[in-house]
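Here is what each chain is made of, one letter per residue.
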Amino acid sequence: MPTLIKLAGGAFAQVEDDFVHVTDEDDAPNVDAVILSLARFQAEGEALLAAGRKVGVRLESDQAVEDLSYDLPRLSVVAVAFPKFRDGRAFTSATLLRERFGYRGEVRAVGDVFREQAGFMVRCGFDAFEPSDGSTADEWGKAAKRFRHVYQRAADGRAPAFEERA
Amino acid sequence: MYLYDALDKEFLADRSAEFRGQVARRLAGELSEDQFKPLRLMNGLYLQLHAYMLRVAIPYGSLNVVQARRLADIARRYDKGYGHFTTRQNIQFNWIKLADAPDILDQLAEVDLHAIQTSGNCIRNVTADPYAGATAEEVDDPRVWSEVIRQWSTLHPEFSFLPRKFKIAITAAPRDRTAARVHDIGLVARRDRDGTLGFEVIVGGGQGRTPYVGPTIKEHLPAGRLLSYLQAVLRVYNRYGRRDNIYKARIKILVAALGAEEFARQVEEEWGKIDAARADLPDTELARIRGAFATTPFETLPATSAIFEANKAADPAFARFVRNNVKPHKKSGYAIVEVSLKAIGHTPGDATADQLEVAADLAERYSLNDLRVTHAQNLVLPHVKLDDLPVVHAALQKAGLATANIDLASDIIACPGLDYCALANARAIPVAQHIAQKFADADHAEKVGELKIKISGCINACGHHHVAHIGVLGVDKKGEEFYQLSLGGSGAEDASIAQILGPALPADKVAEAVDTLVDKYLSVREGDERFLDTFRRVGMAPFKEAVYADAH
Ligand code: HEM
Ligand code: SF4
């Protein structure tokens, strides 16, 4: 069971994960909250939601957030995957979820999730993390808050340098 | 000149502290080299053949005197007494110890320098016209826009893990001294008929194993919309650029695969969805940055100088220096002075700590505290009074910095090659030295005129051989170093990719072949044609025949 760290009210804390990651091969577990692949969601999501379950979707880095846009209001979690540390597509996916589609649910980083990218992730609108480097919530929070200033507007709403100066 | 405020300084301090922690973890064995590699690369630290190399960013090639002295200091304390200027206006130190790197970064940060984004798959240090703020050719000061991009691209949350590295160059002059057309993005500022400032946006140029002159995807982007448009280009690239093969991951491959028109359409579509009010820089911040560059304290001077004229008449060496290294300035009574780092027989682009200090002293006394780096690996004193030119020349002479060869055959661009680089097939520096020797006779070199020779030690093309008038590429033939020559390239406003001359030559035949090419050119040139113009007129055949005649 990977650690789940959540960001709420500016603080990072390790929390119990209510959701179960269900792969395409698994039988559907009998739990209240599941995270499914996009394909499985498209096949079974309707029924699960109708049964009152909480549903999240795992978005791979080559899948377009646009394909989810219609369903976003009904999703509790979008788990955006980092297949490799170097694959930065997830940063665009998260940014679009927040800024373009106004998604307010949980955006969770899964896959190759290292604390060196914590700051970038938070800025792009991720608010939940499953670190693969063994980071504790404390270490994750420190890494995420490393820089006192930022230079761009981003999904986290932090004031960039030019607003601090004004 | 833009000066870092408290906020910029705190940012650099945070960055330095972060890296110090990472190095400590590496030295304590908590991080393996594999885990450490992406982290050190984010701070410009490469592992080369013999030692670590640290690449320090010189944003848009602009240094103040304190910074130049600090670089000299670091060369002396932590390297073997010299540094190497690169084709992207940065400086590299080749002999760095890992344990020293955090201290070096701290010392750089004290003078507002850093190594952020000098490597890795991110938006690299932006390069600009080294004559910015000094040449009358420009329609605006490109440093303003470079600084805008520097800030916007620094630790950009969305674009720090792109498919591949991303290089942006900016010029605001019709004569392109930045190689804008062979960058991932080249920006050429222009004014409309009604005076509105805009950028021609060129995307998908590049060198490496698949060289391209980039197509223009937007003729006139309103200047105030620059950041939202860059965001759109980068976003399309980040989403759709290839990640399965690093040799096909640059944006040029995406642009070529989609076609420039389709790529432009996708960018337009994305751009249309971006909230401009959030993405574009507010006018107040733009005005603040512009203000920082608008304060150069020029004096009002007469257009001519008696001292200058007298020295030119009396001293042929000075007159030659003026002909080749001194360029017109926008202010009357001033000149732009190019300082060549291409002394015959030396390593192109290397400067010793002493030379850096001489350049800094001259910049302080005679060039309004301003020193520039060019993409051709030379330095520039951008604002020298005509009256001061003779003393500046004399001081440069004393320091071995007065070689009067800017844009001539011995002003060679060369990559580090097999002397330093782990990827090299062949040496580049000694080949450059041999070729330069052929043009040691300054009269001969001037008679030949503008001739851009560029040498890379392997197909990665760090030495720009694809855009050379005469390009030299090191190749490996069964363990032996061979060199392939190519002709007719240009990285300037008339950009083109050089064509291969013929079979590769052994090392000891290269300089001779260049000599033969030049003789051929001299025998067929018309009027004051440059080598490149002659090549474009007569084509490959006569040159090929001249070089390979013996082989028949
Ligand atoms: C010695 C360590 C170096 C290594 C290992 C290295 C490695 C590389 C590699 C692998 C590429 C190809 C990238 C691609 O096409 O995607 C490249 C391109 C390039 N490098 Fe280097 N390089 C080194 C030093 C330098 C130096 C000293 C300079 C400047 C003199 C330089 C300037 C460039 C430039 C301008 C390109 C242009 C290719 C482009 O942007 O399309 N590099 N380098
Ligand atoms: S061109 Fe090749 S040999 Fe030269 S620096 Fe680049 S990677 Fe090294």
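Keep in mind it's a predicted model, so treat the numbers as computed, not measured.

A. Structural context of the overall build of chain A. A tally of regular secondary structure across chain A gives five helices and eight strands. In terms of overall dimensions, chain A is globule-like: its C-alpha atoms have a radius of gyration of 16 Å, near the 15 Å expected for 166 residues. The principal-axis extent of the C-alpha atoms belonging to chain A is close to 50 × 30 × 30 Å. Burial analysis of chain A (166 residues in total) assigns 51% to the buried set. Put simply, 47% of the contacts in chain A that link residues at least 6 apart link residues at least 24 apart. The average position of the 22 basic charges and that of the 28 acidic charges among the side chains of chain A differ by 8 Å.

B. Region of interest: the sheet that holds strand E5 (residues 91–96) of chain B. Residues and elements named next belong to chain B. Strand order across the open sheet formed by five strands is E1-E2-E5-E4-E13, with antiparallel pairing between neighbours. In this open sheet, the two edge strands, each paired with only one partner strand, are strand E1 (45–47) and strand E13 (350–352). Direction aside, neighbouring strands of the sheet carry axes that sit 30 degrees apart on average. On top of the sheet, helix H2 (residues 33–41) reaches E1 and strand E2 (52–56); it is set at about 135 degrees to E1, its chief contact.

C. Representation of the site of ligand 2 in the model. Every residue lining ligand 2 is accounted for by Cys415, Pro416, Gly417, Cys421, Leu423, Ala424, Ser456, Gly457, Cys458, Asn460, Ala461 and Cys462 of chain B. Within the shell around ligand 2, the residues separate by chemical class into eight nonpolar, four polar and no charged.

D. Inspection of the site of ligand 1 at higher detail. Around ligand 1, the surrounding shell holds 19 residues, and the nearest of these are Gln48, Thr87, Gln207, Arg250 and Cys462 of chain B. Taken together, the residues that form the shell around ligand 1 break down as four nonpolar, 10 polar and five charged.

E. Spatial organisation of helix H3 (residues 65–78) of chain B. Its 14 residues place the ends of H3 of chain B 20 Å apart at the C-alpha level, agreeing with the 20 Å of an ideal helix rising 1.5 Å per residue. Turning to H3 of chain B, its buried residues are Val65, Gln67, Ala68, Arg70, Leu71, Ala72, Ile74, Ala75 and Tyr78 of chain B.

F. Representation of the interface of chain B and chain A within the structure. Counting residues at the interface gives 45 residues for chain B and 32 residues for chain A. Surface buried jointly by chain B and chain A totals about 3,600 Å² across both partners, of which 54% is contributed by carbon and sulfur atoms. If you sort the residues of chain B by the area they bury against chain A, Pro157, Phe161 and Arg239 of chain B come out on top, with a joint share of 21%. With a shortest N-O distance of 3.0 Å, aspartate 8 of chain B and arginine 165 of chain A are connected by a salt bridge. Viewed at the interface, chain A and chain B are joined by 22 residue pairs in polar contact (both at pLDDT 80 or more). Contributions of two or more residues to the side of chain B that touches chain A are made by helix H1 (6–27), H2, helix H5 (142–153), helix H6 (226–240), helix H8 (260–273), helix H9 (276–279) and helix H10 (283–293) of chain B.

What counts, and where the lines are drawn
- Residues numbered from 1 in each chain as written.
- Chains lettered and ligands numbered in written order.
- Predicted model: local features only at pLDDT ≥ 70, side-chain atom pairs only at ≥ 80, totals over all residues.
- Heavy atoms only, no water.
- Helix = DSSP H or I, 4+ residues; strand = E, 2+ residues; numbered from the N terminus.
- Rg over C-alpha atoms; globule rule 2.2 N^0.38 Å.
- Buried < 20%, exposed > 50% of the residue type's maximum accessible area, 1.4 Å probe, protein only.
- Contact = heavy atoms within 4.5 Å.
- Lys, Arg positive; Asp, Glu negative; His and termini not counted.
- Charge placed at Lys NZ, Arg CZ, Asp CG, Glu CD.
- Pairing = 2+ DSSP bridges.
- Axes fitted to C-alpha atoms, helices over the stretch in contact; angles between N-to-C directions.
- Near = heavy atom within 4 Å.
- Nonpolar A, V, L, I, M, F, W, Y, C, P; charged D, E, K, R; others polar.
- Expected span 1.5 Å × (residues − 1).
- Buried area = accessible area lost by both parts, 1.4 Å probe.
- Salt bridge = Lys/Arg side-chain N within 4 Å of Asp/Glu carboxyl O.
- Polar contact = N/O pair within 3.5 Å; in protein donor to acceptor, adjacent residues only side chain to side chain.

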